[in-house]
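Topology and contacts: notes
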Amino acid sequence: MPWWKEAVIYQIYPRSFYDSNGDGEGDLQGITSRLEYVKSLGVDAIWLSPFYTSPNKDGGYDVANPRDVDPRFGDLSDAKALIKRAHDLNLRVIADIVPNHFSDQHEWFQSALQSQPGSAERNRFHFYDAKADGTPPNNWISLFGGPSWTQVADGQYYLHLFDSSQPDLNWENADVNADFEETLRFWLDLGVDGFRIDVAHGLVKEEIGKDHPDPTGLSNALRLDVDMDTALRNSLLESVPYFDRQGVHEIYRRWRKIFDSYGDREVMAVAEAWVHPPINATRYVRSDELHQVFNFDLLTAPFESAFLYDVISRSIELNATVNALPTWALSNHDSPRVASRIGDHQSRALALFVFALPGSAYIFAGQELGLPDGELENSDRQDPSFIRSNGEIKGRDGARVPLPWSGDVPPFGFSTGKPWLPMQQSWSAFTVEIEKSDPSSVLNLYTAALALRAQHLTGAGVIAWLESPSHGAMREGLLAFRRGSITVYMNLSGQDYAVEVEGQTIITSSGDFTASHIVRVVPACSTMWILN
Ligand code: NOJ
(Lines give C-alpha, C1' and ligand atoms only; values in the text may rest on other atoms or scores of the structure.)
Protein backbone atom coordinates (compact mmCIF):
# COMPACT_ATOMS: atom_id res chain seq x y z
CA MET A 1 0.00 0.00 0.00
CA PRO A 2 1.46 3.43 -0.91
CA TRP A 3 2.35 5.42 2.21
CA TRP A 4 -0.31 8.10 1.67
CA LYS A 5 -3.35 5.84 1.24
CA GLU A 6 -4.21 5.71 4.91
CA ALA A 7 -1.71 8.22 6.23
CA VAL A 8 -2.41 10.49 9.17
CA ILE A 9 -1.30 13.94 8.08
CA TYR A 10 -0.63 16.76 10.51
CA GLN A 11 -1.22 20.26 9.15
CA ILE A 12 1.17 22.94 10.35
CA TYR A 13 0.39 26.61 9.88
CA PRO A 14 4.00 27.83 10.07
CA ARG A 15 3.24 31.27 11.43
CA SER A 16 1.48 29.80 14.45
CA PHE A 17 3.45 26.69 15.31
CA TYR A 18 6.66 27.59 17.12
CA ASP A 19 8.77 30.74 17.07
CA SER A 20 12.51 30.12 17.25
CA ASN A 21 13.73 33.72 17.08
CA GLY A 22 11.43 35.73 19.33
CA ASP A 23 9.75 37.84 16.64
CA GLY A 24 6.29 36.63 17.63
CA GLU A 25 5.78 34.53 14.51
CA GLY A 26 6.44 30.85 13.98
CA ASP A 27 9.21 29.85 11.57
CA LEU A 28 10.84 26.87 9.88
CA GLN A 29 13.56 26.40 12.51
CA GLY A 30 10.80 26.43 15.09
CA ILE A 31 8.98 23.65 13.26
CA THR A 32 12.17 21.60 12.91
CA SER A 33 12.82 21.93 16.63
CA ARG A 34 9.38 20.53 17.41
CA LEU A 35 9.27 17.64 14.92
CA GLU A 36 9.95 15.09 17.62
CA TYR A 37 6.73 16.15 19.29
CA VAL A 38 4.90 15.75 15.97
CA LYS A 39 6.41 12.33 15.52
CA SER A 40 5.38 11.32 19.03
CA LEU A 41 1.73 11.84 18.07
CA GLY A 42 2.00 8.90 15.70
CA VAL A 43 1.36 10.76 12.46
CA ASP A 44 2.90 9.80 9.12
CA ALA A 45 3.39 13.17 7.46
CA ILE A 46 3.24 16.92 7.88
CA TRP A 47 1.55 19.32 5.52
CA LEU A 48 3.05 22.80 5.70
CA SER A 49 0.85 25.75 4.79
CA PRO A 50 2.80 28.24 2.60
CA PHE A 51 6.13 29.59 3.82
CA TYR A 52 7.20 31.15 0.48
CA THR A 53 8.18 34.74 -0.17
CA SER A 54 5.00 36.69 0.39
CA PRO A 55 3.74 40.07 1.58
CA ASN A 56 1.45 37.91 3.74
CA LYS A 57 -1.79 39.64 2.88
CA ASP A 58 -3.53 36.25 2.97
CA GLY A 59 -1.44 34.23 5.40
CA GLY A 60 1.14 33.36 2.72
CA TYR A 61 -1.45 32.17 0.19
CA ASP A 62 -0.35 35.27 -1.72
CA VAL A 63 2.91 34.02 -3.14
CA ALA A 64 5.48 36.47 -4.53
CA ASN A 65 8.16 33.85 -5.22
CA PRO A 66 7.08 30.21 -5.06
CA ARG A 67 10.65 28.93 -5.14
CA ASP A 68 12.02 30.73 -2.12
CA VAL A 69 11.32 31.06 1.61
CA ASP A 70 9.95 34.24 3.12
CA PRO A 71 12.50 35.81 5.52
CA ARG A 72 9.87 35.74 8.28
CA PHE A 73 10.11 31.94 8.14
CA GLY A 74 13.83 31.56 7.43
CA ASP A 75 15.56 30.61 4.18
CA LEU A 76 16.01 27.71 1.81
CA SER A 77 18.63 26.07 3.98
CA ASP A 78 16.09 26.03 6.83
CA ALA A 79 13.60 24.34 4.49
CA LYS A 80 16.20 21.73 3.58
CA ALA A 81 17.05 21.14 7.24
CA LEU A 82 13.36 20.76 8.07
CA ILE A 83 12.83 18.19 5.33
CA LYS A 84 15.93 16.28 6.37
CA ARG A 85 14.94 16.20 10.03
CA ALA A 86 11.42 15.07 9.10
CA HIS A 87 12.78 12.29 6.93
CA ASP A 88 15.20 11.21 9.65
CA LEU A 89 12.15 10.84 11.89
CA ASN A 90 10.32 8.95 9.12
CA LEU A 91 7.83 11.75 8.58
CA ARG A 92 6.90 12.70 5.00
CA VAL A 93 6.58 16.35 4.04
CA ILE A 94 3.76 17.82 1.97
CA ALA A 95 4.17 21.36 0.67
CA ASP A 96 1.34 23.68 -0.30
CA ILE A 97 1.20 24.86 -3.90
CA VAL A 98 -0.92 27.87 -4.83
CA PRO A 99 -1.63 27.76 -8.58
CA ASN A 100 -4.78 29.86 -8.81
CA HIS A 101 -3.07 33.16 -8.15
CA PHE A 102 0.16 34.92 -7.34
CA SER A 103 0.72 37.88 -5.07
CA ASP A 104 0.60 41.26 -6.75
CA GLN A 105 4.22 41.55 -5.58
CA HIS A 106 5.31 38.68 -7.86
CA GLU A 107 7.65 40.01 -10.54
CA TRP A 108 5.29 38.85 -13.29
CA PHE A 109 2.46 40.98 -11.97
CA GLN A 110 4.73 43.95 -11.47
CA SER A 111 5.90 43.70 -15.08
CA ALA A 112 2.31 43.20 -16.26
CA LEU A 113 1.45 46.52 -14.63
CA GLN A 114 4.33 48.17 -16.52
CA SER A 115 3.23 46.62 -19.84
CA GLN A 116 0.58 47.48 -22.40
CA PRO A 117 -2.92 46.00 -22.57
CA GLY A 118 -2.70 42.93 -24.80
CA SER A 119 0.98 42.34 -24.00
CA ALA A 120 2.51 38.93 -23.25
CA GLU A 121 3.07 40.10 -19.67
CA ARG A 122 -0.61 40.86 -19.15
CA ASN A 123 -1.65 37.60 -20.78
CA ARG A 124 -0.29 35.62 -17.82
CA PHE A 125 -3.15 37.05 -15.75
CA HIS A 126 -6.76 37.90 -16.59
CA PHE A 127 -6.59 41.52 -17.71
CA TYR A 128 -9.72 42.77 -19.50
CA ASP A 129 -11.08 46.07 -20.67
CA ALA A 130 -13.87 47.72 -18.69
CA LYS A 131 -17.44 47.50 -19.92
CA ALA A 132 -18.56 50.44 -22.04
CA ASP A 133 -19.81 52.22 -18.90
CA GLY A 134 -16.42 51.84 -17.21
CA THR A 135 -17.55 49.11 -14.79
CA PRO A 136 -15.68 45.78 -14.34
CA PRO A 137 -15.76 43.20 -17.15
CA ASN A 138 -18.31 41.10 -15.24
CA ASN A 139 -20.23 41.07 -11.95
CA TRP A 140 -18.40 38.26 -10.14
CA ILE A 141 -17.92 38.76 -6.40
CA SER A 142 -14.64 37.93 -4.66
CA LEU A 143 -14.72 35.05 -2.18
CA PHE A 144 -13.39 37.52 0.36
CA GLY A 145 -16.17 40.03 -0.42
CA GLY A 146 -16.36 42.99 -2.82
CA PRO A 147 -15.86 42.88 -6.61
CA SER A 148 -13.45 40.30 -8.07
CA TRP A 149 -11.95 42.94 -10.33
CA THR A 150 -9.55 45.77 -9.62
CA GLN A 151 -8.80 48.54 -12.09
CA VAL A 152 -5.27 49.56 -13.02
CA ALA A 153 -4.02 52.99 -14.11
CA ASP A 154 -4.72 52.56 -17.83
CA GLY A 155 -8.33 51.50 -17.23
CA GLN A 156 -8.04 47.73 -17.64
CA TYR A 157 -9.20 45.45 -14.85
CA TYR A 158 -7.61 42.25 -13.53
CA LEU A 159 -9.46 39.32 -12.04
CA HIS A 160 -8.93 38.15 -8.46
CA LEU A 161 -11.24 35.54 -6.96
CA PHE A 162 -9.68 36.34 -3.57
CA ASP A 163 -8.01 39.53 -2.34
CA SER A 164 -7.09 42.30 -4.78
CA SER A 165 -3.47 41.47 -3.87
CA GLN A 166 -3.97 37.96 -5.34
CA PRO A 167 -4.31 38.31 -9.14
CA ASP A 168 -5.61 35.11 -10.75
CA LEU A 169 -3.30 33.38 -13.20
CA ASN A 170 -4.33 32.57 -16.75
CA TRP A 171 -3.87 28.83 -17.18
CA GLU A 172 -4.26 29.09 -20.94
CA ASN A 173 -0.87 30.77 -20.92
CA ALA A 174 2.15 28.54 -21.61
CA ASP A 175 4.43 30.50 -19.23
CA VAL A 176 2.08 29.78 -16.34
CA ASN A 177 2.07 26.06 -17.07
CA ALA A 178 5.85 25.93 -17.43
CA ASP A 179 6.47 27.96 -14.30
CA PHE A 180 4.37 25.69 -12.09
CA GLU A 181 6.02 22.60 -13.49
CA GLU A 182 9.31 24.17 -12.53
CA THR A 183 8.01 24.88 -9.02
CA LEU A 184 6.79 21.31 -8.56
CA ARG A 185 10.17 19.95 -9.58
CA PHE A 186 11.99 22.51 -7.46
CA TRP A 187 10.37 21.30 -4.25
CA LEU A 188 10.45 17.65 -5.24
CA ASP A 189 14.15 17.96 -5.94
CA LEU A 190 14.57 19.56 -2.53
CA GLY A 191 12.96 16.48 -1.05
CA VAL A 192 9.25 17.06 -0.43
CA ASP A 193 6.99 14.04 -0.76
CA GLY A 194 3.88 15.69 -2.11
CA PHE A 195 1.66 18.71 -2.46
CA ARG A 196 -1.58 20.11 -1.15
CA ILE A 197 -3.06 22.00 -4.09
CA ASP A 198 -4.74 25.24 -3.11
CA VAL A 199 -8.04 26.07 -4.87
CA ALA A 200 -7.44 23.09 -7.14
CA HIS A 201 -10.87 23.52 -8.69
CA GLY A 202 -10.36 27.17 -9.63
CA LEU A 203 -7.64 27.30 -12.24
CA VAL A 204 -9.82 27.36 -15.35
CA LYS A 205 -12.41 30.08 -15.87
CA GLU A 206 -15.25 30.16 -18.35
CA GLU A 207 -17.54 32.92 -19.56
CA ILE A 208 -15.41 35.75 -18.23
CA GLY A 209 -17.17 38.00 -20.70
CA LYS A 210 -20.60 37.35 -19.15
CA ASP A 211 -22.40 38.55 -16.04
CA HIS A 212 -23.62 35.88 -13.64
CA PRO A 213 -27.43 35.89 -13.23
CA ASP A 214 -27.24 35.92 -9.40
CA PRO A 215 -23.79 36.99 -8.21
CA THR A 216 -24.90 37.74 -4.63
CA GLY A 217 -26.70 34.41 -4.32
CA LEU A 218 -23.68 32.60 -5.67
CA SER A 219 -21.33 34.44 -3.34
CA ASN A 220 -23.53 33.52 -0.34
CA ALA A 221 -23.81 29.93 -1.54
CA LEU A 222 -20.02 29.68 -1.56
CA ARG A 223 -19.69 30.99 2.00
CA LEU A 224 -19.68 28.43 4.81
CA ASP A 225 -20.86 30.99 7.34
CA VAL A 226 -24.09 31.80 5.46
CA ASP A 227 -27.14 29.61 6.06
CA MET A 228 -29.14 29.01 2.94
CA ASP A 229 -31.89 26.75 1.72
CA THR A 230 -30.10 23.58 0.57
CA ALA A 231 -31.95 23.26 -2.74
CA LEU A 232 -31.19 26.88 -3.61
CA ARG A 233 -27.57 26.51 -2.58
CA ASN A 234 -27.20 23.32 -4.61
CA SER A 235 -28.72 24.85 -7.70
CA LEU A 236 -26.39 27.86 -7.47
CA LEU A 237 -23.34 25.65 -6.96
CA GLU A 238 -24.25 23.32 -9.83
CA SER A 239 -22.40 25.48 -12.31
CA VAL A 240 -19.92 28.11 -11.18
CA PRO A 241 -18.13 29.72 -14.13
CA TYR A 242 -14.83 29.85 -12.25
CA PHE A 243 -14.90 26.54 -10.38
CA ASP A 244 -14.64 22.89 -11.34
CA ARG A 245 -14.43 23.41 -15.09
CA GLN A 246 -13.40 20.39 -17.12
CA GLY A 247 -10.12 22.05 -18.14
CA VAL A 248 -8.60 21.68 -14.66
CA HIS A 249 -8.31 17.94 -15.11
CA GLU A 250 -5.94 18.32 -18.06
CA ILE A 251 -3.60 20.24 -15.79
CA TYR A 252 -3.60 17.50 -13.14
CA ARG A 253 -3.02 14.81 -15.75
CA ARG A 254 0.14 16.66 -16.75
CA TRP A 255 1.18 17.09 -13.12
CA ARG A 256 0.59 13.41 -12.43
CA LYS A 257 3.21 12.55 -15.04
CA ILE A 258 5.70 14.71 -13.17
CA PHE A 259 4.84 13.08 -9.83
CA ASP A 260 5.13 9.61 -11.32
CA SER A 261 8.49 10.45 -12.87
CA TYR A 262 9.88 10.42 -9.30
CA GLY A 263 9.19 6.67 -9.24
CA ASP A 264 9.48 4.93 -5.91
CA ARG A 265 9.50 8.24 -4.04
CA GLU A 266 5.68 7.75 -4.18
CA VAL A 267 4.96 11.45 -4.59
CA MET A 268 1.35 12.29 -3.73
CA ALA A 269 -0.96 15.27 -4.18
CA VAL A 270 -4.19 16.22 -2.45
CA ALA A 271 -6.67 18.63 -4.00
CA GLU A 272 -8.45 21.39 -2.17
CA ALA A 273 -11.56 21.30 -4.34
CA TRP A 274 -14.89 22.57 -3.04
CA VAL A 275 -17.18 21.17 -5.71
CA HIS A 276 -20.79 20.32 -6.21
CA PRO A 277 -22.40 17.82 -6.54
CA PRO A 278 -20.12 15.66 -4.35
CA ILE A 279 -19.57 13.08 -7.10
CA ASN A 280 -17.54 15.70 -8.98
CA ALA A 281 -14.82 15.50 -6.34
CA THR A 282 -14.02 11.96 -7.45
CA ARG A 283 -12.88 13.24 -10.86
CA TYR A 284 -9.81 14.76 -9.18
CA VAL A 285 -8.72 11.32 -7.95
CA ARG A 286 -9.09 9.31 -11.12
CA SER A 287 -6.12 7.03 -11.58
CA ASP A 288 -4.27 9.43 -13.90
CA GLU A 289 -4.91 12.56 -11.82
CA LEU A 290 -4.32 13.30 -8.14
CA HIS A 291 -4.14 10.92 -5.19
CA GLN A 292 -6.52 12.46 -2.71
CA VAL A 293 -9.21 15.11 -2.61
CA PHE A 294 -10.25 16.80 0.60
CA ASN A 295 -13.64 15.92 1.91
CA PHE A 296 -14.91 19.00 3.72
CA ASP A 297 -18.18 17.53 4.96
CA LEU A 298 -16.95 17.10 8.53
CA LEU A 299 -15.74 20.69 8.79
CA THR A 300 -19.33 21.84 8.85
CA ALA A 301 -21.35 18.75 9.81
CA PRO A 302 -23.57 18.94 12.89
CA PHE A 303 -22.94 16.33 15.61
CA GLU A 304 -25.95 14.39 14.49
CA SER A 305 -26.04 10.69 13.69
CA ALA A 306 -28.19 10.63 10.56
CA PHE A 307 -26.23 13.49 9.01
CA LEU A 308 -22.85 11.98 9.84
CA TYR A 309 -23.92 8.58 8.62
CA ASP A 310 -24.99 10.09 5.30
CA VAL A 311 -21.85 12.09 4.62
CA ILE A 312 -19.48 9.38 5.79
CA SER A 313 -21.06 6.53 3.86
CA ARG A 314 -21.45 8.72 0.79
CA SER A 315 -17.81 9.73 0.80
CA ILE A 316 -16.66 6.12 1.10
CA GLU A 317 -19.00 5.00 -1.68
CA LEU A 318 -18.19 7.82 -4.09
CA ASN A 319 -14.45 7.39 -3.68
CA ALA A 320 -14.81 3.66 -4.25
CA THR A 321 -16.21 4.37 -7.74
CA VAL A 322 -12.74 5.57 -8.75
CA ASN A 323 -10.85 3.15 -6.56
CA ALA A 324 -9.82 5.87 -4.13
CA LEU A 325 -10.09 6.19 -0.38
CA PRO A 326 -11.65 9.19 1.32
CA THR A 327 -9.96 11.85 3.42
CA TRP A 328 -11.27 13.15 6.73
CA ALA A 329 -10.67 16.54 8.33
CA LEU A 330 -12.39 18.04 11.36
CA SER A 331 -10.51 21.35 11.35
CA ASN A 332 -8.14 23.36 9.21
CA HIS A 333 -6.80 26.89 9.01
CA ASP A 334 -9.90 28.11 7.15
CA SER A 335 -12.64 26.96 9.49
CA PRO A 336 -13.63 27.22 13.14
CA ARG A 337 -11.83 24.69 15.33
CA VAL A 338 -13.88 21.54 15.89
CA ALA A 339 -13.85 21.82 19.71
CA SER A 340 -15.43 25.27 19.48
CA ARG A 341 -17.84 24.28 16.75
CA ILE A 342 -19.37 21.12 18.23
CA GLY A 343 -18.08 20.96 21.83
CA ASP A 344 -15.34 19.21 23.82
CA HIS A 345 -16.84 15.77 24.33
CA GLN A 346 -18.37 15.74 20.89
CA SER A 347 -15.09 16.57 19.18
CA ARG A 348 -13.26 13.85 21.13
CA ALA A 349 -15.92 11.32 20.14
CA LEU A 350 -15.94 12.37 16.50
CA ALA A 351 -12.14 12.24 16.20
CA LEU A 352 -12.00 8.73 17.64
CA PHE A 353 -14.76 7.63 15.26
CA VAL A 354 -13.06 9.16 12.23
CA PHE A 355 -9.63 7.68 13.07
CA ALA A 356 -11.16 4.23 12.59
CA LEU A 357 -12.50 4.95 9.10
CA PRO A 358 -10.72 3.87 5.92
CA GLY A 359 -8.68 6.56 4.18
CA SER A 360 -6.44 9.36 5.27
CA ALA A 361 -6.99 11.52 8.36
CA TYR A 362 -5.86 15.13 8.53
CA ILE A 363 -5.22 16.81 11.89
CA PHE A 364 -4.85 20.58 12.14
CA ALA A 365 -2.10 21.46 14.63
CA GLY A 366 -3.71 22.23 17.97
CA GLN A 367 -6.65 19.93 17.30
CA GLU A 368 -4.76 17.24 19.22
CA LEU A 369 -4.89 19.54 22.25
CA GLY A 370 -8.65 20.07 21.95
CA LEU A 371 -7.82 23.73 21.42
CA PRO A 372 -10.78 26.10 20.97
CA ASP A 373 -10.75 29.10 18.65
CA GLY A 374 -8.93 32.10 20.00
CA GLU A 375 -11.20 34.87 21.24
CA LEU A 376 -10.14 37.93 19.31
CA GLU A 377 -11.06 41.57 19.27
CA ASN A 378 -11.88 42.97 15.87
CA SER A 379 -8.76 45.10 16.16
CA ASP A 380 -6.67 41.89 16.27
CA ARG A 381 -8.10 40.44 13.07
CA GLN A 382 -5.89 40.25 9.98
CA ASP A 383 -7.86 38.02 7.62
CA PRO A 384 -8.42 39.79 4.27
CA SER A 385 -12.01 38.54 4.27
CA PHE A 386 -12.63 40.53 7.48
CA ILE A 387 -11.04 43.60 5.96
CA ARG A 388 -12.72 43.36 2.53
CA SER A 389 -16.18 42.69 3.95
CA ASN A 390 -15.92 45.59 6.43
CA GLY A 391 -16.20 43.11 9.27
CA GLU A 392 -19.28 41.31 8.01
CA ILE A 393 -17.21 38.15 7.52
CA LYS A 394 -15.36 37.55 10.81
CA GLY A 395 -12.67 35.57 9.03
CA ARG A 396 -10.39 32.76 10.01
CA ASP A 397 -7.97 34.27 12.52
CA GLY A 398 -9.60 32.46 15.47
CA ALA A 399 -8.27 29.12 14.23
CA ARG A 400 -4.81 30.57 13.57
CA VAL A 401 -3.86 31.76 17.03
CA PRO A 402 -0.41 30.31 17.93
CA LEU A 403 -0.11 27.02 19.79
CA PRO A 404 0.34 26.91 23.58
CA TRP A 405 3.36 24.79 24.47
CA SER A 406 4.17 25.28 28.13
CA GLY A 407 3.88 27.45 31.23
CA ASP A 408 1.02 29.30 32.88
CA VAL A 409 0.88 32.60 31.04
CA PRO A 410 0.67 33.72 27.41
CA PRO A 411 2.44 33.18 25.07
CA PHE A 412 2.84 29.74 26.69
CA GLY A 413 6.30 29.00 25.36
CA PHE A 414 5.31 29.72 21.74
CA SER A 415 7.67 32.68 21.56
CA THR A 416 9.85 34.87 23.71
CA GLY A 417 8.23 37.87 22.02
CA LYS A 418 4.68 39.10 21.53
CA PRO A 419 2.64 36.56 19.53
CA TRP A 420 1.24 37.87 16.25
CA LEU A 421 -2.27 37.10 17.52
CA PRO A 422 -3.08 37.32 21.25
CA MET A 423 -3.38 34.09 23.22
CA GLN A 424 -5.82 33.94 26.06
CA GLN A 425 -5.07 33.08 29.68
CA SER A 426 -7.52 30.16 29.72
CA TRP A 427 -5.22 28.32 27.31
CA SER A 428 -3.00 27.45 30.28
CA ALA A 429 -5.20 24.33 30.46
CA PHE A 430 -4.36 23.39 26.85
CA THR A 431 -0.57 23.46 26.74
CA VAL A 432 1.34 20.49 25.38
CA GLU A 433 3.16 20.35 28.72
CA ILE A 434 0.03 20.12 30.85
CA GLU A 435 -1.74 17.70 28.51
CA LYS A 436 1.21 15.34 28.38
CA SER A 437 0.94 14.87 32.13
CA ASP A 438 -2.85 14.39 32.15
CA PRO A 439 -3.89 10.83 31.20
CA SER A 440 -7.39 12.02 30.25
CA SER A 441 -6.22 14.85 27.96
CA VAL A 442 -7.14 15.11 24.29
CA LEU A 443 -3.43 14.82 23.52
CA ASN A 444 -3.22 11.43 25.20
CA LEU A 445 -6.46 10.32 23.55
CA TYR A 446 -5.09 11.19 20.09
CA THR A 447 -1.71 9.58 20.74
CA ALA A 448 -3.26 6.36 22.01
CA ALA A 449 -5.84 6.27 19.21
CA LEU A 450 -3.25 6.76 16.46
CA ALA A 451 -1.08 3.97 17.88
CA LEU A 452 -4.07 1.61 17.97
CA ARG A 453 -5.10 2.71 14.48
CA ALA A 454 -1.65 1.80 13.14
CA GLN A 455 -1.77 -1.53 14.93
CA HIS A 456 -5.30 -2.67 14.10
CA LEU A 457 -6.86 -0.54 11.41
CA THR A 458 -4.44 0.78 8.80
CA GLY A 459 -5.03 -1.33 5.72
CA ALA A 460 -7.94 -3.18 7.35
CA GLY A 461 -10.22 -2.55 4.37
CA VAL A 462 -13.89 -1.70 4.18
CA ILE A 463 -16.32 -1.01 6.98
CA ALA A 464 -19.54 -2.87 7.70
CA TRP A 465 -22.18 -0.73 9.39
CA LEU A 466 -23.84 -2.36 12.37
CA GLU A 467 -25.97 0.49 13.64
CA SER A 468 -27.02 3.38 11.48
CA PRO A 469 -30.22 4.86 10.10
CA SER A 470 -30.22 2.11 7.49
CA HIS A 471 -28.57 -0.79 9.31
CA GLY A 472 -29.74 -2.71 12.37
CA ALA A 473 -32.12 -1.56 15.07
CA MET A 474 -31.01 2.01 15.24
CA ARG A 475 -31.19 3.63 18.62
CA GLU A 476 -31.48 7.37 18.51
CA GLY A 477 -27.99 8.76 18.09
CA LEU A 478 -26.04 5.52 17.88
CA LEU A 479 -23.67 4.67 15.03
CA ALA A 480 -21.55 1.55 14.84
CA PHE A 481 -19.42 -0.30 12.34
CA ARG A 482 -17.00 -3.15 12.24
CA ARG A 483 -13.69 -2.85 10.42
CA GLY A 484 -11.10 -5.62 10.53
CA SER A 485 -10.83 -6.76 14.10
CA ILE A 486 -12.36 -3.62 15.59
CA THR A 487 -15.96 -2.67 16.38
CA VAL A 488 -16.54 1.05 16.78
CA TYR A 489 -19.50 2.61 18.57
CA MET A 490 -20.26 6.30 18.64
CA ASN A 491 -23.05 7.37 20.95
CA LEU A 492 -24.12 10.86 19.92
CA SER A 493 -27.09 10.95 22.26
CA GLY A 494 -27.39 12.37 25.75
CA GLN A 495 -28.02 8.95 27.34
CA ASP A 496 -25.79 5.95 27.97
CA TYR A 497 -26.42 2.88 25.80
CA ALA A 498 -25.76 -0.75 26.63
CA VAL A 499 -24.39 -2.68 23.64
CA GLU A 500 -23.72 -6.35 23.24
CA VAL A 501 -20.48 -7.24 21.56
CA GLU A 502 -17.76 -9.67 22.44
CA GLY A 503 -14.23 -8.47 22.89
CA GLN A 504 -12.12 -6.05 24.79
CA THR A 505 -12.63 -2.31 25.02
CA ILE A 506 -9.31 -0.81 23.95
CA ILE A 507 -10.05 2.92 23.94
CA THR A 508 -12.91 5.29 24.69
CA SER A 509 -13.18 9.00 24.07
CA SER A 510 -14.66 9.56 27.53
CA GLY A 511 -12.09 7.54 29.42
CA ASP A 512 -14.86 5.30 30.86
CA PHE A 513 -14.14 1.60 30.48
CA THR A 514 -16.67 -1.10 31.35
CA ALA A 515 -15.43 -4.39 32.64
CA SER A 516 -17.97 -6.72 31.06
CA HIS A 517 -16.80 -8.49 27.95
CA ILE A 518 -20.18 -8.93 26.30
CA VAL A 519 -22.56 -6.27 27.52
CA ARG A 520 -20.98 -2.93 28.02
CA VAL A 521 -22.05 0.68 28.26
CA VAL A 522 -21.17 3.29 25.66
CA PRO A 523 -21.50 6.50 27.65
CA ALA A 524 -23.46 9.46 26.29
CA CYS A 525 -21.53 11.54 23.78
CA SER A 526 -18.60 9.19 23.38
CA THR A 527 -16.90 6.69 21.10
CA MET A 528 -15.56 3.26 21.99
CA TRP A 529 -13.31 0.81 20.11
CA ILE A 530 -13.70 -2.87 20.89
CA LEU A 531 -11.14 -5.43 19.79
CA ASN A 532 -13.04 -8.55 18.74
C1 NOJ B 1 -7.59 28.24 0.35
C2 NOJ B 1 -6.66 28.44 1.50
O3 NOJ B 1 -6.78 27.35 2.37
C4 NOJ B 1 -7.02 29.75 2.12
O5 NOJ B 1 -6.38 29.94 3.37
C6 NOJ B 1 -6.73 30.86 1.16
O7 NOJ B 1 -7.19 32.07 1.69
C8 NOJ B 1 -7.44 30.61 -0.18
N9 NOJ B 1 -7.33 29.27 -0.62
C10 NOJ B 1 -6.83 31.49 -1.25
O11 NOJ B 1 -5.55 31.03 -1.54
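Details of the structure are given in the entry above.
Conventions adopted
- Residues numbered from 1 in each chain as written.
- Predicted model: local features only at pLDDT ≥ 70, side-chain atom pairs only at ≥ 80, totals over all residues.
- Heavy atoms only, no water.
- Near = heavy atom within 4 Å.
- Polar contact = N/O pair within 3.5 Å; in protein donor to acceptor, adjacent residues only side chain to side chain.
- Areas by Shrake-Rupley, 256 points an atom, 1.4 Å probe, with all protein chains shown as cover.
- Buried < 20%, exposed > 50% of the residue type's maximum accessible area, 1.4 Å probe, protein only.
- Helix = DSSP H or I, 4+ residues; strand = E, 2+ residues; numbered from the N terminus.
- Pairing = 2+ DSSP bridges.
- Axes fitted to C-alpha atoms, helices over the stretch in contact; angles between N-to-C directions.
- Contact = heavy atoms within 4.5 Å.
- Phe/Tyr/Trp six-rings, centres within 6.5 Å; stacked < 30°, edge-to-face > 60°.
- Lys NZ or Arg CZ within 6 Å of the ring centre and 35° of its normal.

1. Section: the site of the ligand
Lining the immediate environment of the ligand, one finds 13 residues, of which D58, D198, H333, D334 and R396 sit closest. With respect to the ligand, the side chain of H101 contributes an N or O atom lying 3.0 Å from an oxygen atom. Within the contact set of the ligand, an oxygen atom lies 2.7 Å away from a side-chain nitrogen or oxygen of H333. Expressed as a share of its isolated accessible area of 300 Å², the protein-covered part of the ligand is 97%.

2. Quick look at the pairing of strand β1 (residues 8–12)
In terms of burial, β1 is largely enclosed, as 5 of its 5 residues are buried. The two faces of β1 match: V8, Y10 and I12 on one face and I9 and Q11 on the other face are all buried. Strand direction decides the pairing type here: β1 and strand β13 (residues 360–364), joined by 4 bridges, are parallel. What sits directly across from V8, in β13, is A361. Looking at chain direction, β1 and strand β2 (residues 45–48) are connected through 4 bridges and run parallel. Residue pairing across strands places Y10 opposite I46, the latter belonging to β2.

3. Quick look at the sheet that holds strand β18 (residues 504–508)
Read from one edge of the open sheet, 5 strands run β14-β15-β16-β20-β18, paired in antiparallel fashion. Looking along the sheet, the strands with just one partner apiece sit at the ends: β14 (464–467) and β18. In this sheet, adjacent strand axes meet at a mean angle of 25° when their direction is disregarded. Summarising the sheet, β14 and strand β15 (residues 478–483) pair through 3 bridges and their orientation is antiparallel. For A464, the partnering residue across the bridge sits in β15 and is R482.

4. Description of helix α13 (residues 344–354)
Burial within α13 is extensive, with 8 of its 11 residues counted as buried. Listed as buried for α13 are S347, R348, A349, L350, A351, L352, F353 and V354.

5. Describing the environment of G395
Turning to its location among the elements, G395 is positioned in the loop between α14 (384–388) and α15 (432–436). Along the sequence, G395 and Y158 sit 237 residues apart, while their C-alpha atoms lie 24 Å from each other. In this structure G395 touches D383 and S385, once residues within four positions along its chain are discounted.

6. Considerations on the packing of aromatic side chains
As enumerated under the stated definition, the model contains 33 aromatic pairs in all. Both rings, one in Y37 and one in W405, keep their centres 5.2 Å apart while their planes meet at 75°; by these two values the pair is edge-to-face. Of this pair, Y37 sits in helix α2 (residues 35–41) while W405 sits in the loop between α14 and α15; the two residues are 368 residues apart in sequence, bridging distant segments of the chain. Taken as a pair, Y37 and W405 share a single burial class, namely buried. Aromatic rings pair up to connect F102, W108, W171, F180, Y252, W255 and Y284 into one cluster. The ring of W405 carries R34 above its face, with NZ or CZ at 5.0 Å from the centroid.

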